[in-house]
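Understanding the architecture of this molecule
The residues making up each chain are set out below.
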Amino acid sequence: EPNEKYQLYNISSRSEPNTSFTFDGTLFTGISNFNLTFTYSKGLSFILALFSQIVYDDNLTEPFLLKLFDILCILIQTSGSIQKSLYDIKGFEIISFFLYKAIEKKTISMNLETSSAIFKIQSCSMSESLRISYTQSLLLNFSLWKEASTKVLDNLFAEFLETVKLIPIILKTRLKPQN
């Protein structure tokens, strides 16, 4: 019905979870939801392509990267289908590649802020396969961490141990030494 009052809840604000807004107008019910639109418009591929900008655009450095990791974390929490897509297109491997190139080019460094943004992903609820991909591609990719400070490496080891607690299968199957 046109010109009715509606309540919209702000689900994007983490600091004020019960914030709502009232508006007068027309509510469109035939519009696709965010997940569906994002998935079918190849939004995840676009987000992953933005990680390349840390390599090719010298003006976009760590603050840009930190925002990308925040967006990625929100998307991972949003839906299982986005997690599946991220796993299917090897998203963490792509991110790892661009991180490596940016570190090699000295566009970014693996400092406390960058590493914390990477570690924040672990706190997002992920499927087991996506968590294994995250661990293998980001935490165990030693090329990313070779120039990191002792404090960052200490945090890396703590993060790896926390991840292993969540999915102990990593140690038994994925990281098992080959005979």
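Higher on the page you've got the structure.
The paragraphs below set out a description of the structure included in this document. In every chain, residue numbers begin from 1 and rise along the written sequence. Totals for whole chains, interfaces and linings use every residue, but because this is a predicted model, local features are given only for residues with pLDDT of at least 70 and side-chain atom pairs only at 80 or more, for both listing and counting. Only hydrogens and water are removed before side-chain values are computed, so all heavy atoms of the structure are retained for them.

Some details on the state of the cysteines
Under the convention used in this document: Cysteine sulfur atoms are paired as a disulfide whenever they fall within 2.5 Å. Secondary structure elements are taken from DSSP: a helix is a run of H or I of four residues or more, a strand is a run of E of two residues or more, and numbering for both begins at the N terminus. Each residue is placed in one exposure class: buried if its accessible area under a 1.4 Å probe, protein chains only, is under 20% of its type's maximum, exposed if it is over 50%, and partly exposed if it falls in between.
Applying the stated criterion across every chain, the model contains one disulfide. Through a disulfide, Cys-73 is tied to Cys-124; the S-S separation comes to 1.9 Å. With the S-S bond torsion at -105°, the cross-link from Cys-73 to Cys-124 turns out left-handed. In this pair, Cys-73 is assigned in helix α4 (residues 62-78) and Cys-124 in the loop between α7 (112-122) and α8 (128-139), connecting sequence segments 51 residues apart. The two residues Cys-73 and Cys-124 agree in class, both being buried.

Things to note about the nonpolar core
Note the threshold: To qualify as a nonpolar core, a set must consist of buried Ala, Val, Leu, Ile, Met, Phe, Trp, Tyr and Cys residues joined through side-chain atoms within 4.5 Å. We call two residues in contact whenever any of their non-hydrogen atoms come within 4.5 Å of each other.
Judged by nonpolar contacts, the single largest core of 38 residues is most densely connected at Phe-92 and Leu-99. When neighbours within four sequence positions are excluded, Phe-92 is seen to be in contact with Leu-72, Ile-76, Leu-86, Ile-121, Met-126, Leu-130, Ser-133, Tyr-134, Ser-137 and Leu-138.

Focus: the packing of α7 against helix α10 (residues 150-166)
Rule in force here: Orientation is described by axes fitted as lines to C-alpha atoms, over the contacting stretch for helices, and by angles from 0 to 180 degrees between their N-to-C directions. Each angle gets one of four labels, with under 35 degrees taken as roughly parallel, over 145 as roughly antiparallel, 65 to 115 as roughly perpendicular, and the rest as oblique.
Their axes nearest at 10 Å, the elements α7 and α10 cross at an angle of 5°. Compared by their axis directions, α7 and α10 come out roughly parallel. In this structure, α7 contributes Leu-112, Ser-115, Phe-119 and Gln-122 to the contact, and α10 contributes Lys-151, Val-152, Asn-155, Leu-156, Glu-159, Glu-162, Thr-163 and Leu-166.

A short note on the environment of Gln-53
With respect to the helices and strands, Gln-53 occurs in helix α3 (residues 53-56). C-alpha of Gln-53 to C-alpha of Ala-102: the two residues are 49 residues apart in sequence and 9.1 Å apart in space. If we ignore the near neighbours within four places in the chain, the residues touching Gln-53 are Leu-60 and Phe-64.

Looking at the packing of aromatic side chains
Our working rule: Pairing of aromatic rings covers Phe, Tyr and the six-membered ring of Trp, with a centre-to-centre limit of 6.5 Å; geometry is then stacked below 30 degrees between planes, edge-to-face above 60, and tilted otherwise.
In the structure shown here, the tally under the stated rule is four aromatic pairs. Seen in terms of ring centroids, Phe-119 and Trp-145 are 5.7 Å apart; in terms of plane orientation they differ by 10°. Their pairing is stacked. On the criterion of sequence distance, the pair formed by Phe-119 in helix α7 and Trp-145 in helix α9 (residues 142-145) is long-range, its members being 26 residues apart. The residues Phe-119 and Trp-145 share a single accessibility class, namely buried.

Spatial relationships are all this shows, so hold off on functional conclusions.
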